[in-house]
Amino acid sequence: MARKSVRKRRKFKPLRFFVLILILATLIASGAALGLVFISVKDLPAWNDKVLVPSTVTQIYDKDGKQVSQIGLENRVQVSIKDVPQNVQNAFLAAEDHYFYEHHGIRIQAIIRAALNDALHFAGINRQFQGGSTITQQLVKLTFLTPDQNLKRKIQEVILSFKLERRYSKKEILEMYLNRIYLGEGSYGIQAASQTYFGKDVGDLTVAEAATLAGLNKSPNYYSPLQNKDLSISRRNQVLKNMLEYNFIDQETYDKAISEKLTLKQNDGKHDNNYPYPYFVDYITNELVDKFGEETVFKGGLKVYTTLDPKIQNYAEKAMSNPNNFPASKKNADGIMQPQGAMVIMDPDNGEIRAIVGGREHTHMRSLNRATMSPRQPGSSIKPILAYGPAIELKGMGPASIIDDAPVRYSAYGNYSPKNFDGVYRGLITMRTALTKSINVVAVKLFTDYVTIPEALKFARRMNIDLDPTGPAMALGGLRNGVTPMQMTAAYAAFDNHGIYNDPVAILKVEDQEGNILFESGNTSRRVMKETTSYLMTSMMESVVQAGTGTGAQIGRPVAGKTGTTDEGKDIWFAGYTPDLVGVVWIGYDTPTKMPQSFGGIYPARIWKEVMQQAHKDIPVHNFIKPAGIVTATVDDKSGLLPGPNTPPEDMVTDIFAAGTVPTETDNVHVLTEVCATTGKLPNQYCPDRITRVMLKLPYTVPKYVLDYNMRVPTEICDVHGPVETFGNGKEGDNNSLPWPDLPSDLREQDNGNN
């Protein structure tokens, strides 16, 4: 009989089952890990060496080579590791990664410790997140990765850290790290932080100061010495203990540092620390962007050496912010104070701009700069450029040349007839008097009739004032597009600089981070008028300040200048200069608006005086230099010729001339004229009393309201005396009244012609 086969049942072994489950779990976990690693590698950010070099601010230096400002997206100043003292390097190693020179980018122990701590935190046990990151890992996070905390990002961090260590030396990694980290108060990198907190370069930091900065990296806002001084000192002391423990410093150094008082940079309160001298910096920023592009300017760490004089800039900003220097003011719908103002100050010898203020307040970076961006009507301040300057330069005229301040009408320009501000016509006056009193009619006649409009505009173009011809009113500032304070400053500087014009310059030199020169300003000077012309113009404009419309700009030293006031006071100016500085002030609404009783000789002259008095404090008083070729002569101030036999003493004037322009002819305007003693008109044959007077004979007539009308030879014949007039009371029928006898015809003709 066949035996049944009996299957032997295996006994369950828990240990074997557990091992099997463990192997299976390990395989699954390994697969998941490999998958995660694969995904992490697949999504790994592309390697780009350029991003390891952070954006660096462009540093701005004044005329003396002192850093005064900076521009950039982040307040960061690149510094080489060789310029970072060892104690500063060690302070950051003690605070962040004292095994830095021993690992290859990561520390396994630190990662495990951080992972365990984080797991306990997620499990509900009160633990803080632990970074466990080396300096290399921190640099990778700051450069390539997002701040997200997850396993994928951690794997990417490890991979990139190994790669970074293979490509760069430890010193290079440390340099990139120290220039990258954020240390609070808007400061990126140790050099910017050193300047922000201590007002010194990183190379000058003490051990205690280095420990203070190193302690900030943990929580810049929390440990900021400007916000939480006690917490900052506590954190500093912890870093110093680490430095001692890790043998970065000895006990003596530690004791000295731990007892050092925390002394921070003092703010003088004059400026926004982040953006001082805003309008000047705005101006050079725009120039830099035009030359190099925004990427280089805001991230490239340029060094820009400028012409800025911080003292003069401060004076100008203070004067422009003083409400007492302006007409009644109020804010417009946009919250901008009106009227506004602008000022430019320049060294006339080289065109270097010492100060720019483009408004009464600065609201944001690269805002409207009225000194350079807003052309306005210049009023009478344009007269030296369009009328008087070209008359002297091109026509050989001078301060004693005579123009008739009498009404004129230009039919070719819509019957345009200029009016003087005070409504008075003075008759024959010198150019010096006309400019001193800002006589409009004289300026228009010089511009239109003597120089001619095309030639006057050519003269202005020499000084980079390029104007469209519109008509005689241009002589009074009636321009199509206007001019900026910067243009006017440069033009007036040519009068100050012996007839030599310089293009305005604000940037002297630009270097890259390595010190390579990218730009250097060149000589742009050129002669635009004879030296004698500039001196004669200066002398005439000195009279404006001494006794004319510009007396409000007197500062106790030689000053030449010209006021400007447009119709209804919509734009008011003062342009003036000393032998050392030239400055122009403009005031007006952004949208032209009437400013009653506002004149260039009041508010703009007041600002000019306030700034220039301070700017000249340390400059010795000296006169304008008289060039060769200037002579003195006495002339008749009605004809402009040499005095003649009929020139009265009161009509003689002594003035200066360019050699070769002194008149050689004698006066022919003053003539002896016989007039009726009663009427002052030419006598007729019946006038009983006649007198001979010295009068002005001209080939044309002027209206009776011209001030010197009664000094001119009359054209009318006496209409009071005649054949009906009798002796006695002159009444008809009086027996004692006899008519004057008729004179012989030959005597009548002689009498009528004696004028």
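Relevant structure appears above.
The structure presented is a predicted model; accordingly, all values stated were derived computationally and were not measured.

A. Seen up close, the overall build of the protein. Helix and strand content of the protein: 22 helices and 22 strands. The buried share among the 755 residues of the protein stands at 50%. Pairs at least 24 residues apart make up 67% of the contacts formed inside the protein by residues separated by at least 6 positions.

B. Seen up close, the sheet that holds strand β18 (residues 582-588). In space, the five strands of this open sheet follow the order β9-β8-β18-β17-β16, with antiparallel pairing throughout. The strands lining the two open edges of the sheet, one partner per strand, are β9 (353-357) and β16 (560-565). When the angles between neighbouring strand axes are averaged without regard to direction, this sheet yields 5°. As judged from the six bridges shared by β16 and strand β17 (residues 571-577), these two strands associate in the antiparallel manner. Bridge assignment links K562 to a residue of β17, and that residue is A575.

C. The arrangement of the nonpolar core in detail. Counting 122 residues, the largest nonpolar core has I385 and Y388 as the members making the most contacts within it. If one sorts the elements of this core by residue count, helix α19 (residues 485-496) sits on top with eight residues. When residues no more than four places from it in sequence are discounted, the contact partners of I385 are P390, F459, A460, M463, I465, M488, A491, Y492 and F495. With 45 residues, the next largest nonpolar core counts L160, L164, I181 and I249 among its residues.

D. Representation of the state of the cysteines within the structure. Within this structure, the stated rule accounts for zero disulfides. Residue C687 stays outside any disulfide, its sulfur separated by 3.5 Å from that of C718, the closest cysteine. By relative accessible area, which is 6% here, C687 ends up buried.

E. Focus on helix α20 (residues 531-547). In a regular helix each residue adds 1.5 Å, so 17 residues correspond to 24 Å; α20 covers 25 Å between its end C-alpha atoms and thus fits that length. For α20, the buried fraction is high: 14 of the 17 residues fall into the buried class.

F. View of the environment of C676. Following the sequence through the fold, C676 ends up in strand β21 (residues 670-676). Residue classification places C676 among the buried positions, given a relative accessible area of 0%. Sequence separation of C676 and P688 is twelve residues, and the distance between their C-alpha atoms is 8.0 Å. Excluding residues that lie within four positions of it along the chain, C676 makes contacts with K681, P683, C687, D689, C718 and H721.

Calculation notes
Residues numbered from 1 in each chain as written. Predicted model: local features only at pLDDT ≥ 70, side-chain atom pairs only at ≥ 80, totals over all residues. Heavy atoms only, no water. Helix = DSSP H or I, 4+ residues; strand = E, 2+ residues; numbered from the N terminus. Buried < 20%, exposed > 50% of the residue type's maximum accessible area, 1.4 Å probe, protein only. Contact = heavy atoms within 4.5 Å. Pairing = 2+ DSSP bridges. Axes fitted to C-alpha atoms, helices over the stretch in contact; angles between N-to-C directions. Core = buried A, V, L, I, M, F, W, Y, C linked by side-chain atoms within 4.5 Å. Disulfide = S-S within 2.5 Å. Expected span 1.5 Å × (residues − 1).

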